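This is what each chain is made of:
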Amino acid sequence: MIRLDKFLSEMSGWTRSEVKKIVRTGSVTVDGNEVKKPETKIDEKLSIVSVDGRQIKYNKYEYYMLNKPKGFVSATTDRENKTVVDIISSSEKKDLFPVGRLDIDTEGLLLITNDGELAHRLLAPKNHVEKTYYVEVSGILDDVDVEKGLDIGEEKNTIPAKMEILKTDIQNNISSCYLTIHEGKFHQVKRMMKKLGKTVTYLKRVSMGSLILDSKLKKGNYRKL
Ligand code: URA
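Residues numbered from 1 in each chain as written. Predicted model: local features only at pLDDT ≥ 70, side-chain atom pairs only at ≥ 80, totals over all residues. Heavy atoms only, no water.

(A) Structural context of the overall build of the protein chain. Across its full length, the protein chain carries six helices and 15 strands. The C-alpha atoms of the protein chain give 22 Å as radius of gyration, which overshoots the globular expectation for 225 residues (17 Å, by more than 25%). Dimensions of the protein chain along its principal axes, counting C-alpha atoms only, are 70 × 35 × 35 Å. Here the protein chain, with 225 residues, has 45% of them falling under the buried criterion. For the protein chain, the share of sequence-separated contacts (at least 6 apart) that also reach a separation of at least 24 residues comes to 62%. Accessible area of the protein chain: about 12900 Å², with a carbon and sulfur share of 48%. (Helix = DSSP H or I, 4+ residues; strand = E, 2+ residues; numbered from the N terminus. Rg over C-alpha atoms; globule rule 2.2 N^0.38 Å. Buried < 20%, exposed > 50% of the residue type's maximum accessible area, 1.4 Å probe, protein only. Contact = heavy atoms within 4.5 Å. Areas by Shrake-Rupley, 256 points an atom, 1.4 Å probe, with all protein chains shown as cover.)

Shown next, in the form of structure tokens:
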């Protein structure tokens, strides 16, 4: 059982106070009966809740695409820094978590959900889900070694990655590329670049599997999927 206003704000994205106003106007029915009290308890799985005649279905899971800004940790709680979950302010769900980790200084695509099964599928090493990063480094890039796999100090070399060099600026000794990897080892992109003698100066994830960062999503913004 769950309060009607909680149910509606979780399922619709309206804030609790917006929901309360809507309920009080008499636009909401539960099992066909008008309900004007936001605190009314309903069975979220069985009750048929409608707003202006349109049924609002129960959905246990939420999915958010976040354009992670720098300065936030990819965790659910942290003593020192704000977390990526803190950014999802419109959700009432208490069990949201990030699917995988981006370093505190990395930006870009992060999926935030409470769907553990999906997260497991996306993160399982055997599934080799492709992740593409936009990378800026100091140094001049050359893609040959990346495609062969690199020894970054793990038991096995990294599995072949794909690098698309975007810019090499010999005068300023800087380069940029898209790097696509199929694993998610700790600091993997930075360690791969280090192995190539380069230092990452900017890192942003642009895709994960079939999910591509929405180019209209500003840094620090998110949208429900
Ligand atoms: N590789 C890194 O080095 N850092 C990230 O945040 C993600 C991939």
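(B) Examining the site of the ligand more closely. Close contacts around the ligand come from Leu102, Asp103, Thr106, Tyr133, His187, Gln188, Val189, Lys190 and Leu203, and that covers them all. Within the side chain of Thr106, a nitrogen or oxygen atom sits 2.8 Å from an oxygen atom of the ligand. His187 is positioned such that a nitrogen or oxygen atom in its backbone is 3.3 Å from an oxygen atom of the ligand. Computed on the free molecule, the ligand has an accessible area of 240 Å², of which 95% lies beneath the protein chains in the complex. (Near = heavy atom within 4 Å. Polar contact = N/O pair within 3.5 Å; in protein donor to acceptor, adjacent residues only side chain to side chain.)

(C) Just the pattern of salt bridges, in detail. One pass over the structure, following the stated rule, counts 11 salt bridges. As a salt-bridge pair, Glu62 and Lys224 come within 4.0 Å of each other at their nearest N and O atoms. One end of the pair, Glu62, is in the loop between β6 (54–55) and β7 (63–68); the other, Lys224, is in strand β15 (residues 222–224), and 162 residues separate them in sequence. One salt bridge in this structure joins Asp105 and Lys190, with 2.8 Å as the shortest N-O distance. Here Asp105, found in the loop between β8 (97–98) and β9 (107–113), pairs with Lys190, found in helix α6 (residues 188–195); they are 85 residues apart in sequence, far enough to count as distant. (Salt bridge = Lys/Arg side-chain N within 4 Å of Asp/Glu carboxyl O.)

(D) Up close: unusual backbone geometry. Positive phi is not limited to glycine here, since Asp31 has a value of about 50°. Take Asp31: it is sitting in the loop between β2 (28–30) and β3 (33–34). Note on Asp31: relative accessible area 47%, which makes it partly exposed. Although it is not a glycine, Asp52 adopts a positive phi angle of roughly 50°. The class of Asp52 is exposed, set by a relative accessible area of 62%.

(E) α6, seen in detail. Turning to α6, its buried residues are Gln188, Val189, Met192 and Met193. The buried residues of α6 occupy an angular sector of 130° when the element is viewed end-on, so they sit on one face. Downstream of α6 by a residue or two, Gly197 has a phi angle that is positive, lying close to 80°. (Arc of directions from axis to C-beta.)

(F) Representation of the nonpolar core in the model. With 29 residues, the main nonpolar core has Ile112, Val135, Met163, Leu179, Val189, Met192 and Met193 as its most contacted residues. Secondary-structure elements contributing two or more residues to this core are β7, α3 (84–87), β9, β10 (131–138), β12 (174–181), α6 and β13 (199–208). In this structure, Ile2, Leu8, Val49 and Ile56 belong to the second largest nonpolar core, which totals 14 residues. (Core = buried A, V, L, I, M, F, W, Y, C linked by side-chain atoms within 4.5 Å.)

(G) Quick peek at the side chain of Asp214. Take Asp214: it is sitting in the loop between β14 (211–212) and β15. According to the relative accessible area criterion, Asp214 is buried, its value standing at 17%. At a separation of 2.8 Å, a polar atom in the side chain of Asp214 contacts the main-chain amide nitrogen of Lys216.

(H) Broad picture of the pairing of β9. Most of β9 is tucked away: seven of the seven residues are buried. Pairing of β7 with β9, which is carried by six bridges, proceeds in the antiparallel orientation. Of the residues in β9, the one forming a bridge with Met65 is Leu111. Judged from the two bridges that link them, β8 and β9 form a sheet pairing that is antiparallel. In the sheet register, Pro98 faces β9, and the bridge partner there is Ile112. Sheet analysis places β9 next to β13, joined by two bridges and oriented parallel. By the bridge assignment, Glu107 is partnered in β13 with Lys204. (Pairing = 2+ DSSP bridges.)

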